[in-house]
Amino acid sequence: MHFPTAGGPFVRHLRMWHAVPAFLVVVAVVAFLVLLPSDGARPVPGSPCRAVDSAREDPPATSDLDGDGSADLVHEISGSSKVDVVVVPGSEQGPDHDRTTVLTQDDLGVPDDIQVSDEGWQPTVADLDEDGHADLVVSSAAQIVWGGAKGPQADGPHGRVRLPGDGYQTAPIAGDFDGDGHTDLAAYRDSSEDQAVVVLHGPFKRSGAPARTAEIPSPVSEGAAPMLAAGDANDDRATDLAIYDSPYDPPLLFTGGARTRSGLSEEPERLPEGENIVFGDFDGDGRHDVAVGRSFVDSYDEVDTPDRRGQVSVRYGKEPGKWVTIEGGDPKEGFGSRLAAGDFNGDGCDDLAVQLTKKKEAGDARFEVLRGGSEHGLGSKPWRATKRSVPGDDGPADGALMAVDDWDRDGRAELALFGGSRWWITDGTDRDEASFPLAPGKDQAS
């Protein structure tokens, strides 16, 4: 059982703009890999990127809430002390905006006293009670809307994951951290008096109670509020847990499948400096690779960006002791501010979508896609590039990278960009496969 992070793998949780951690790079091997741009997205039958005898036999996890085989576009909108979840069902034509459902805070049963943010997150989609239906875990309250044949419904059964203590800011993320075949949840408790990584082991009862709970004392500095990402970095079929985006600490990686109460290694591995982490198979060998993005742009635009290019550090599963660093964009352009992995041309190798952001609070963003390949892995030259923007009262609002998945079931992943209350679904070029407003009932252009 695998729980990739971004787009098969796809990003599980995203905070719009966050602090950049810094620490001494443990290992950095600089390489510049060049691949020619593609002339378009197309399936590649018999591609050498197709893994042979791969240990990754499970299909990638997707956000298919209604079980129809299409990934759904799911997004949590927080603000003004309220939480809503927008669900756009998938179809063979991609996200079906006309069938958009909005689950309000009352529908979800989320209490009024939870911590909220003005930034959007992705809820967690996972089958917690092992009934064959995907469940929806929402907000820092870890509210559960239990799935069924038609997916989680506003008038359907609800529950709440029993998180010990308080001080949580995002919904828990899913993975099989102890490798026993059951879905677990992990969350970070950032209470000022009792910071910890909390692991709740499945299966879960309908009351929200886990089979057991374990805690790891916080490995980051007091006052930090890091994010979590899940993926299998060592191909052992147990999910590993990455902790990143703390302004005071390096990104850290706990190895899953350990003989500990939590299922995670007692000591984490330090990763190269960076503000986000994603897992993907960029060289098509059937093993997960790890990418760490570092834009050098301050989270709150309070510090001038140094006159240098952003970078992505990659460790391939076949060479676990070696990091390859790829620089991109122009100096001060913020290459690496956000990452997502997905196979955009259906050749069997994951490609890497990289967001460039000059000013994070301003929300400006454009995107480059580095193409994956069986010979070298990721190329350092942009294979595709795009940008989306809508007019706003305070100037243009650019679309930010929110998710990656195959929403139209054609075997090729798409990017979901969101900004100015509008979605764009694209393959990383200037062509939209779909474009529609956040609010249902509006016009759709595709």
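Just so it is clear, the model here is predicted, and its values are computed rather than measured.

1. Things to note about the overall build of the chain
A count of helical and extended segments in the chain gives one helix and 30 strands. Per-residue burial over the chain gives 59% buried out of 446 residues. Of the accessible surface of the chain, which amounts to about 17,200 Å², a share of 47% is contributed by carbon and sulfur atoms.

2. Digging into the side chain of Asp135
Turning to its location among the elements, Asp135 is positioned in strand E6 (residues 135-138). Arg206 is the oppositely charged side chain nearest to the buried, salt-bridge-free Asp135, at an N-O distance of 5.5 Å. From its side chain, Asp135 meets the backbone nitrogen of Gly147 in a polar contact 2.7 Å long.

3. Some thoughts on the environment of Ser70
Examined against the element boundaries, Ser70 turns out to sit in the loop between strand E1 (29-30) and strand E2 (73-79). Judged by relative accessible area, Ser70 falls into the buried class, the value being 0%. It is 6.1 Å that separates the C-alpha atoms of Ser70 and Trp407, two residues lying 337 residues apart in sequence. In contact with Ser70, not counting residues within four places along its chain, are Asp64, Gly90, Ser91, Glu92, Trp407 and Arg409. A polar side-chain atom of Ser70 sits 2.7 Å from a polar atom in the side chain of Arg409.

4. So, the confidence of the model for the chain
For the chain, per-residue confidence averages 83 on the pLDDT scale, and 83% of positions sit at 70 or higher. Between residues 1-44, whose pLDDT stays under 50, and residues either more than four places distant or in other chains, the model counts 175 contacts. Considering only residues more than four positions removed or in separate chains, one finds that residues 51-60, a stretch of pLDDT under 50, has 19 contacts.

5. Quick word on the packing of aromatic side chains
Scanning the entire structure with this criterion turns up one aromatic pair. Lys318 extends its terminal NZ or CZ atom over the ring of Tyr316, reaching a point 6.0 Å from the ring centre. Stacked on the ring of Trp383, the Lys or Arg Arg384 has its end atom at 4.0 Å from the ring centre.

6. Some words on the sheet that holds strand E29 (residues 422-426)
Two orientations exist for strands paired in a sheet by backbone hydrogen bonds: parallel and antiparallel. Pairing is antiparallel across the open sheet formed by four strands, whose spatial order is E27-E28-E29-E30. Bordering the open sheet on either side are strand E27 (400-405) and strand E30 (432-437), each of which pairs with just one other strand. The sheet shows a mean angle of 20° between the axes of neighbouring strands, direction not considered. Pairing of E29 with E30, which is carried by five bridges, proceeds in the antiparallel orientation. From the neighbouring strand, Arg422 faces E30, where its bridge partner is Pro437.

7. Details of unusual backbone geometry
The residue after Gly202, namely Pro203, is reached through a cis peptide bond having omega 5°. Here Pro203 lies in the loop between strand E11 (196-201) and strand E12 (212-217). Positive phi, normally seen in glycine, also occurs at Ala142, with a value near 55°. According to the relative accessible area criterion, Ala142 is buried, its value standing at 0%.

8. Structural notes on the pattern of salt bridges
Scanning all chains against the criterion turns up 21 salt bridges. The salt bridge partner of Arg409 is Glu92, with a shortest N-O separation of 3.7 Å. Of the two residues, Arg409 sits in the loop between E27 and strand E28 (414-419) while Glu92 sits in the loop between strand E3 (82-88) and strand E4 (101-103), which places them 317 residues apart along the sequence. Accessibility expressed as a relative area gives 39% for Arg409, which makes it partly exposed. The shortest N-O distance in the salt bridge between Glu327 and Arg309 comes to 3.9 Å. Of this pair, Glu327 sits in strand E20 (residues 324-328) while Arg309 sits in the loop between strand E18 (289-294) and strand E19 (310-315), and the two are 18 residues apart along the sequence. With a relative accessible area of 32%, Arg309 lands in the partly exposed category. Through salt bridges with shared partners, a single network forms among Asp129, Asp131 and Arg206.

Reading guide: rules and limits
Residues numbered from 1 in each chain as written. Predicted model: local features only at pLDDT ≥ 70, side-chain atom pairs only at ≥ 80, totals over all residues. Heavy atoms only, no water. Helix = DSSP H or I, 4+ residues; strand = E, 2+ residues; numbered from the N terminus. Buried < 20%, exposed > 50% of the residue type's maximum accessible area, 1.4 Å probe, protein only. Areas by Shrake-Rupley, 256 points an atom, 1.4 Å probe, with all protein chains shown as cover. Lys, Arg positive; Asp, Glu negative; His and termini not counted. Salt bridge = Lys/Arg side-chain N within 4 Å of Asp/Glu carboxyl O. Polar contact = N/O pair within 3.5 Å; in protein donor to acceptor, adjacent residues only side chain to side chain. Contact = heavy atoms within 4.5 Å. pLDDT = per-residue confidence, 0-100. Phe/Tyr/Trp six-rings, centres within 6.5 Å; stacked < 30°, edge-to-face > 60°. Lys NZ or Arg CZ within 6 Å of the ring centre and 35° of its normal. Pairing = 2+ DSSP bridges. Axes fitted to C-alpha atoms, helices over the stretch in contact; angles between N-to-C directions.

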